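# A structural walkthrough
Given next are the chains, with one letter for each unit.
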Amino acid sequence: MTSTIRESSPLAPQWLSYPEDANQLQPKMWARGVARGASGELEIDGVGVSDLKARFGSPLFVMSENDFRARARDFKDSFDAAFADLCGGVDVYYAGKSFLCIEVARWVEQEGLRLDTCSGGELAVAARAGIPGEKLGLHGNNKSDAELNRALDMKLGRIVVDSLDELRRLSAIAASRSEQANVMLRLTPGVHAHTHEFIATAHEDQKFGLSMAAADTESGTANDGGASPSAGNSPAARAVNEALASESINLLGLHCHIGSQIFEPEGFALAAERLLTFVAQIRDEHGVELPELDLGGGYGIAYTEADTPRPPAELAEAMAAVVSSTCRRLELQVPRISIEPGRAIVGPSTFTLYETGTLKTVNVDSEDGRTYPRRYISVDGGMSDNARPVLYDADYSAVLASRVTDEDPIISRVVGKHCESGDIVVRDVYLPGDVAAGDLLAVPGTGAYCWALASNYNYVARPPVVAVRDGQARLIVRGETEEDLLARDLG
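What you are looking at is a predicted structure, and each value in this text was computed from that prediction instead of being measured.

## Regarding the state of the cysteines
The full count for this structure, using the stated rule, is zero disulfides. You can see Cys87 has no disulfide; the closest cysteine sulfur is in Cys327, sitting 8.8 Å from it. Cys87 sits in the buried class, given a relative accessible area of 16%.

Pasting the structure below:
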């Protein structure tokens, strides 16, 4: 026992507490069914990580199918219950950008959800999975004509239009086919989510959506997005005018997405109030009451002990209360509500399994004028299977997965194998002092935006994805081989 270090390190961030038991799991970070087995090894639905490593290798994305399905049902049931008396329930679109494969698309439909896509490739996955077009949506700020035609070919339930340019192109394409396109207009309601700049998407200064801010006709600038969204010269108002005037556009309603990894419901509530106010103004100006309103997604999950996600029922009740009171005040019929959870369903369902390689300890100067040790633990993956830390400064946690130990935990940094100093998997975590080469580490919460953002940097093959259910593990996405990496090289 290294009892001299049984205290928090000054190198650790303030939110990271020293664990009394380095072997303990925090349930909020893990899928249901993940636990320590009798030997101390990490198991998922009774399948041990050493067995998974032997069969499928590492790095390895390990997904609990039961957990994914349960979280999907929880969103559907909770929002249906909260909105049942208001609009008959809610349409829940799983945000496929977070993680999508053919098998997952099928789970989504089987659990009563719809599927949101963002590209022709994601539409191809949905088609291969057999998802009917009316259960699909298509997002994107720069959809190609080919993608818009594909959406019409598949008879999509909705195309979320992101700009006036796209609206005009879609209107022309649909007219040339003598068809009508089902359209939601994505607006930026001026609600700044308290999250990383790159994943906050409802403020003015970013690429997504039609501004609700009225342009100042003298200066050419825009006023505050929350000021007067009904102003006739705002991009949002012009889009409504053109959509309603086009015989080839079926304007279903309005859409917004205020950002990602959001824990508090107030931002969603404010966005709902602003969009419903706009719906009432459209009614007053055009005599049309739009039947649908999509409030987006972005619900946060627990990556670390500091994160405090809200249960879907709590989010649903808070949002239903605002929608109900706002519609009463504006004398509106409550539109059919839809939401788009992705990370909140798939994120906690999955962990990444790594094998430990090189270890080293360095001494780091602290603000108190002393030096303290930080241990670097290298694993056999890295930024090629999880780009989020380098993209967003995202924090994660990790545990020793292949065994338990009585050794005291020390502050550690889990890093990858790539030729970048920023190749960090877990920036700060307490791990047992006897972690050694060959040990298995598990990083929870990697179901969203890890495999989806994976790359072949340094010609590293992308990992497989394994689904575990009721004690059985099976590949749902095979890992790449060197032959896969070379197959497109024409040299």
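So, next bit.
## A look at the packing of aromatic side chains
As enumerated under the stated definition, the model contains eleven aromatic pairs in all. Plain terms: the ring middles of Phe268 and Tyr299 are 5.0 Å apart, the flat faces sit at 45 degrees to each other, and that makes the pair tilted. You can see Phe268 sitting in helix H8 (residues 266–286) and its partner Tyr299 sitting in the loop between strand S12 (292–294) and helix H9 (312–330), a full 31 residues away along the chain. For Tyr299, a relative accessible area of 3% puts it in the buried group. The rings of Phe75, Phe79, Phe83, Phe268 and Tyr299 are connected pair by pair, giving a single aromatic cluster. When the ring centre of Tyr376 is taken as reference, the NZ or CZ atom of Lys360 above it lies at 5.8 Å.

## Overview of the environment of Tyr376
Here Tyr376 shows up in strand S15 (residues 371–379). Between the C-alpha atom of Tyr376 and that of Pro13, which follows or precedes it by 363 residues, the distance is 16 Å. If near-sequence neighbours (up to four positions away) are discounted, Tyr376 is found in contact with Thr358, Leu359, Lys360, Val362, Arg413 and Val415.

## A look at the pattern of salt bridges
Taken as a whole, this structure holds 32 salt bridges when the rule is applied. With a closest N to O distance of 2.9 Å, Arg403 and Asp439 form a salt bridge. Taken together, the residues span a long stretch of sequence, with Arg403 in the loop between strand S16 (399–400) and strand S17 (409–415) and Asp439 in the loop between strand S18 (424–432) and strand S19 (440–444) at a distance of 36 residues. We classify Arg403 as partly exposed; its relative accessible area is 25%. Of the charged contacts in the structure, one is a salt bridge between Arg413 and Asp428, with a shortest N-O distance of 3.7 Å. Taken as a pair, Arg413 in strand S17 and Asp428 in strand S18 lie far apart in primary sequence, 15 residues in all. If you follow the salt bridges from partner to partner, you end up with Glu65, Arg69, Arg73, Glu103, Arg106, Glu111, Arg469, Asp470 and Arg474 in one network.

## Overview of helix H2 (residues 65–87)
A turn of α-helix holds 3.6 residues, and therefore any two residues three or four places apart point the same way. The end-to-end C-alpha separation of H2 is 31 Å, in line with the 33 Å expected for 23 residues at 1.5 Å each. At Ala81, H2 shows its largest kink, close to 40 degrees. Two residues or fewer after H2 comes Gly88, characterised by a positive phi angle close to 80 degrees.

## Notes on the packing of H8 against H9
Running from N to C, H8 and H9 point in directions that differ by 25 degrees, and their axes come no closer than 9 Å. Relative to H9, the element H8 lies roughly parallel. The two elements H8 and H9 cross, and the hand of that crossing is right-handed. Where H8 abuts H9, its residues Phe268, Ala269, Ala272, Glu273, Leu276, Thr277, Ala280 and Arg283 lie against Met319, Val322, Val323, Thr326, Cys327, Arg329 and Leu330.

## Re the nonpolar core
Judged by nonpolar contacts, the single largest core of 105 residues is most densely connected at Phe79, Tyr94, Val104, Leu185 and Leu254. With nine residues, the top contributor of residues to this core is H8. Beyond its immediate sequence surroundings of up to four residues, Tyr94 is in contact with Phe68, Phe99, Val104, Val108, Leu113, Arg114, Leu115, Asp116, Pro341, Gly342, Ile345 and Val346. Core analysis: the second largest hydrophobic core is formed by 23 residues, Met29, Val34, Ala302 and Val399 among them.

## Thoughts on the side chain of Glu166
Structurally, Glu166 can be placed in helix H6 (residues 164–176). Judged by its relative accessible area of 1%, Glu166 is buried. With sequence-adjacent residues up to four places away left out, Glu166 is seen in contact with Gly140, Lys143, Leu148, Ile159, Val160 and Val161.

## Details of the pairing of strand S6 (residues 114–117)
Bridging between strand S5 (residues 90–95) and S6 involves three bridges; their strand directions are parallel. Note on S6: the bridge partner recorded for Tyr93 is Arg114. Bridge analysis of S6 against strand S7 (residues 136–138) gives three bridges, and the strand direction is parallel. Looking across to S7, one finds that Thr117 is bridged to Leu138. At this point the chain moves from S6, through helix H4 (residues 120–129), to the parallel S7, and the crossover so formed is right-handed.

Definitions and cut-offs
- Residues numbered from 1 in each chain as written.
- Predicted model: local features only at pLDDT ≥ 70, side-chain atom pairs only at ≥ 80, totals over all residues.
- Heavy atoms only, no water.
- Disulfide = S-S within 2.5 Å.
- Buried < 20%, exposed > 50% of the residue type's maximum accessible area, 1.4 Å probe, protein only.
- Phe/Tyr/Trp six-rings, centres within 6.5 Å; stacked < 30°, edge-to-face > 60°.
- Helix = DSSP H or I, 4+ residues; strand = E, 2+ residues; numbered from the N terminus.
- Lys NZ or Arg CZ within 6 Å of the ring centre and 35° of its normal.
- Contact = heavy atoms within 4.5 Å.
- Salt bridge = Lys/Arg side-chain N within 4 Å of Asp/Glu carboxyl O.
- Expected span 1.5 Å × (residues − 1).
- Bend = angle between axes of the 7 residues up to and from the residue.
- Axes fitted to C-alpha atoms, helices over the stretch in contact; angles between N-to-C directions.
- Parallel < 35°, antiparallel > 145°, perpendicular 65-115°, else oblique.
- Left-handed = near helix turned anticlockwise from the far one by under 90°.
- Core = buried A, V, L, I, M, F, W, Y, C linked by side-chain atoms within 4.5 Å.
- Pairing = 2+ DSSP bridges.
- Right-handed = clockwise from strand over helix to strand, strands pointing away.

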